Amino acid sequence: MNVIRTAIPDVLILEPKVFGDTRGFFMESYNQKVFNEAVGHDVHFVQDNHSRSAKGVLRGLHYQLPPHAQGKLVRCTQGAVFDVAVDLRHSSPTFGRWVGVELSAESHRQCWIPPGFAHGFVVTSDSADFLYKTTDLYAPECEGVVRWDDLAIGITWPDLGIAPLLSAKDVAAPVLAAARHFD
Ligand SMILES: Cc1cn([C@H]2C[C@H](O)[C@@H](COP(=O)(O)OP(=O)(O)O[C@H]3O[C@@H](C)C(=O)[C@@H](O)[C@H]3O)O2)c(=O)[nH]c1=O
């Protein structure tokens, strides 16, 4: 597996080794030992999620606060998305900064988003299946949401030529300065 560090060093892009042959391909989509070595410490996943979205759907920016903060290992198994992580750790030198990466079924790329980050994505293909593992269970009482277009964060989302389609929760999300916060 190839490990690429992003501009926020704790956010990793992971490229599994893909074995292609006449039948198709094989890859280890998750290997606990290899993953823990890449991250540098033991990570324990407890929930797997799968969402399907049409082109232009934007989910985020979401996070959970302690005691149910979630690290997420995310990937796209059908279609393509632009995936974003925003550092919400107040003690971090990269607090408030974001990184974005294209994840697609074709590239098999995954992204590791540690606890302490908000996460979101927009679908850039006709539809996308998005799969992710989380390090804590869903806990809606700990949920935090930040506006996808908060100018203080300044995410450069891809221009799809259509308005993003958001959930009612995401439309009503506060800016970062007014959102529930870590620390
Ligand atoms: C996230 C989640 C939602 N749900 C339910 C609640 C709700 O009725 C329905 C849809 O929930 P949401 O609208 O929050 O789904 P969605 O907007 O896809 O939320 C997800 O967005 C991405 C960006 C993330 O990072 C995830 O952690 C998660 O927050 O599914 C669960 O039962 N378990 C879960 O783990």
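Predicted model, so just to flag it, every value in this text is computed and none were measured. (Residues numbered from 1 in each chain as written. Predicted model: local features only at pLDDT ≥ 70, side-chain atom pairs only at ≥ 80, totals over all residues. Heavy atoms only, no water.)

A. Focus on the overall build of the chain. For the chain, the helix and strand inventory stands at two helices and 13 strands. Taken against the 2.2 N^0.38 rule, which gives 16 Å for 183 residues, the C-alpha radius of gyration of the chain at 16 Å falls within 12% of a compact globule. Seen along its three principal axes, the alpha-carbon backbone of the chain occupies a region of about 55 × 40 × 30 Å. Burial statistics for the chain: of 183 residues in total, 49% are counted as buried. Here the contacts in the chain between residues at least 6 apart in sequence split such that 79% fall between residues at least 24 apart. (Helix = DSSP H or I, 4+ residues; strand = E, 2+ residues; numbered from the N terminus. Rg over C-alpha atoms; globule rule 2.2 N^0.38 Å. Buried < 20%, exposed > 50% of the residue type's maximum accessible area, 1.4 Å probe, protein only. Contact = heavy atoms within 4.5 Å.)

B. Focus on the site of the ligand. Taken together, Gln47, Arg59, His62, Lys72, His119, Gly120, Tyr132, Tyr138 and Lys169 make up the full set of residues adjacent to the ligand. Take glutamine 47: an N or O atom from its side chain is 2.9 Å from an oxygen atom of the ligand. Lysine 169 is positioned with one of its side-chain polar atoms (N or O) 2.7 Å from an oxygen atom of the ligand. Summarising the interface, the protein chains cover 65% of the accessible area of the ligand, which totals 660 Å² for the free molecule. Listed by contribution, the elements that provide at least two residues to the shell around the ligand are β6 (58-64) and β11 (117-123). (Near = heavy atom within 4 Å. Polar contact = N/O pair within 3.5 Å; in protein donor to acceptor, adjacent residues only side chain to side chain. Areas by Shrake-Rupley, 256 points an atom, 1.4 Å probe, with all protein chains shown as cover.)

C. Up close: the pattern of salt bridges. For the structure on display, the rule yields nine salt bridges. A salt bridge links aspartate 21 to arginine 23; its shortest N-O distance comes to 2.7 Å. When its relative accessible area of 37% is taken as the criterion, aspartate 21 is described as partly exposed. The exposed category is assigned to arginine 23, whose relative accessible area is 77%. For the salt bridge of aspartate 149 with arginine 147, the shortest nitrogen-to-oxygen distance reads 2.8 Å. Take aspartate 149: its relative accessible area is 31%, and that puts it in the partly exposed class. We classify arginine 147 as partly exposed; its relative accessible area is 24%. (Salt bridge = Lys/Arg side-chain N within 4 Å of Asp/Glu carboxyl O.)

D. Layout of helix α1 (residues 32-39). Of the residues making up α1, those classed as buried are Phe35, Asn36, Ala38 and Val39. Down the axis, α1 shows its buried residues gathered within 160° of arc, on one side only. Turned more than 90 degrees away from the buried face of α1, the exposed residues are Lys33 and Glu37. In this structure, the buried side of α1 is in contact with β1 (2-5), β2 (12-15), β7 (72-78) and β10 (110-113). Downstream of α1 by one or two residues, glycine 40 has phi in the positive range, about 95°. (Arc of directions from axis to C-beta.)

E. Here's a closer look at the sheet that holds β10. Judged by pairing direction, the sheet is antiparallel, and its six strands sit side by side in the order β1-β2-β10-β7-β12-β5 without closing on themselves. The strands lining the two open edges of the sheet, one partner per strand, are β1 and β5 (47-54). Direction aside, neighbouring strands of the sheet carry axes that sit 25° apart on average. As paired strands, β7 and strand β12 (residues 127-134) are joined by six bridges and run antiparallel to one another. In the sheet register, lysine 72 faces β12, and the bridge partner there is threonine 134. Each of β1, β2, β7 and β10 is contacted by α1, which is oriented at about 145° to β2, the strand it contacts most. (Pairing = 2+ DSSP bridges. Axes fitted to C-alpha atoms, helices over the stretch in contact; angles between N-to-C directions.)

F. Up close: the pairing of β6. Burial analysis of β6 places six of its seven residues in the buried class, the great majority of the element. Of the strand pairs in this sheet, β6 and β11 are connected by three bridges, and their pairing is antiparallel. Looking at the pairing, arginine 59 lines up with phenylalanine 121 of β11. Examined bridge by bridge, β6 and strand β13 (residues 143-145) share three bridges and lie antiparallel to one another. Considered in β13, the bridge of glutamine 64 is made with glutamate 143.

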